[in-house]
Amino acid sequence: MEQQGVNGWNGAGVEAAFATATGHMTQLPWDQSAASVRFEDLGPVSAFPVVPGRRWGPGWWWSATTGRHVVHGSTAMRTQLMVLDRDPDVTGLSARPVRLLWRDPDGRVRSWVPQLFARYADGTGLLADCPSSPTAGGDRAQQARTVLEAACARVGWSYRRLEPPQAAVAANLRWLAGYRHPRYQGPPRLQAALAEAFAAPRPLADGVTAVGDSLRVLPAAYHALWCGHLTTPLDEPLHERALICADTERDEGVEGRLSNVGGDPERG
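Quick caveat: nothing in here was measured; it's all calculated off a predicted structure.

About the cut-offs
Counting restarts for each chain, with residues numbered from 1 along the sequence as it is written. Two thresholds apply to this predicted model, a pLDDT of at least 70 for residue-level local features and 80 or more for giving and counting side-chain atom pairs, whereas whole-chain, interface and lining totals are computed over all residues. Hydrogens and waters are ignored; side-chain quantities use all the structure's heavy atoms. We count a stretch as a helix when DSSP gives it H or I for four or more residues in a row; a strand needs E for two or more, and each element gets its number in order from the N terminus. Categorising residues by exposure relies on relative accessible area from a 1.4 Å probe, with only protein chains included: less than 20% of the type maximum marks a residue as buried, more than 50% marks it as exposed, and the intermediate range marks it as partly exposed. We call two residues in contact when some of their heavy atoms are within 4.5 Å. Note on areas: Shrake-Rupley with a 1.4 Å probe; residue coverage comes only from the protein chains shown. The directions from the helix axis to the C-beta atoms are what the arc is built from. Two rings from Phe, Tyr or Trp (for Trp, the six-membered ring) form a pair when their centres sit within 6.5 Å of each other. Planes less than 30 degrees apart are called stacked, planes more than 60 degrees apart edge-to-face, and all others tilted. The criterion for a charge sitting over a ring is simple: Lys NZ or Arg CZ within 6 Å of the ring centre, and within 35 degrees of the ring normal.

(A) Spotlight on the overall build of the protein chain. Scanning the protein chain for helices and strands turns up 8 helices and 13 strands. Here the protein chain, with 268 residues, has 46% of them falling under the buried criterion. Partitioning the intrachain contacts of the protein chain with sequence separation of at least 6 by distance along the chain shows that 63% fall at a separation of at least 24. By element, 51% of the accessible surface of the protein chain is carried by carbon and sulfur atoms, the whole surface being about 13300 Å².

Okay, structure coming up:
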């Protein structure tokens, strides 16, 4: 690995270590790996720790984007998985699929394992960490940030320390995520009826009642809100009087991106 200084770092000399689909550990130059490795299909290079006495342990998030489970190690990480899973530009997700290594100015080997990887529809990637606060991880995390930002920029990707969403947004997304599985979307005629009922903004309960039995229609409405086919301000509490409107631009000629996904999601 080529030695680089942190100041003026251009991302050169970074290497990537990852486990192949067969479990074989491989280390390649970062530039080469970013161009050839499907990190979204790889498992973690290291497990999330189980801390005795801690209220939260590792878990699994069922991804509506991929139809597979993604491991997470904290509530902050699960929230960011949820946000990325709802992003229509995201096509792949994985947790801790790569370890980046480099030398500091003193020649010592340093490494960092980003918590999340997301693949976008244009082929670019995002490496991300999910700190519970801006100072989480201390100086080591900030030093790694400088290196990872430069390494990702070098290949046209990005690295970010993702900020937690507002409390109301997170609460609304958690609720809608419970309806992310395609089994909730209902038949095409129900989707069309919802789009017609909410062609103009109206309260959620009014539109659902206009379509039919709320026990059948409401889950489909929540699924449409998760997909973005129906919209509402997510920074305000979601309730029966919340104003809902169909997103006609998003629906024109576009199939629901969850319609061909299998598997079982986690609720909540």
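(B) Local environment of helix H6 (residues 204-211). Buried residues of H6: Leu204, Gly207 and Val208, and no others. Burial along H6 is one-sided: seen end-on, the buried residues are contained in an arc of 100 degrees. In H6, the exposed residues that point more than 90 degrees away from the buried face are Thr209 and Ala210. Contacts made by the buried residues of H6 are with helix H5 (188-197), strand S11 (202-203), helix H7 (214-227) and strand S13 (243-246).

(C) Fine view of the packing of aromatic side chains. Enumeration according to the criterion identifies 10 aromatic pairs in this entry. Each ring, one from Phe18 and one from Phe39, has its centre 5.8 Å from the other, and the planes form 90 degrees; the classification is edge-to-face. With Phe18 in strand S1 (residues 15-19) and Phe39 in the loop between helix H1 (30-36) and strand S3 (59-62), the pair connects residues that are 21 residues apart, well separated along the chain. Phe39 carries the same exposure label as Phe18, and that label is buried. Pairing Trp30 with Phe39 gives two aromatic rings, centres 6.2 Å apart and planes at 20 degrees, and the pair type is stacked. The structure contains a cluster of three or more aromatic residues connected by ring pairs, namely Phe18, Trp30, Phe39, Phe117 and Trp157. The lysine or arginine in question, Arg180, covers the ring of Trp61, its NZ or CZ lying 3.8 Å from the ring centre.

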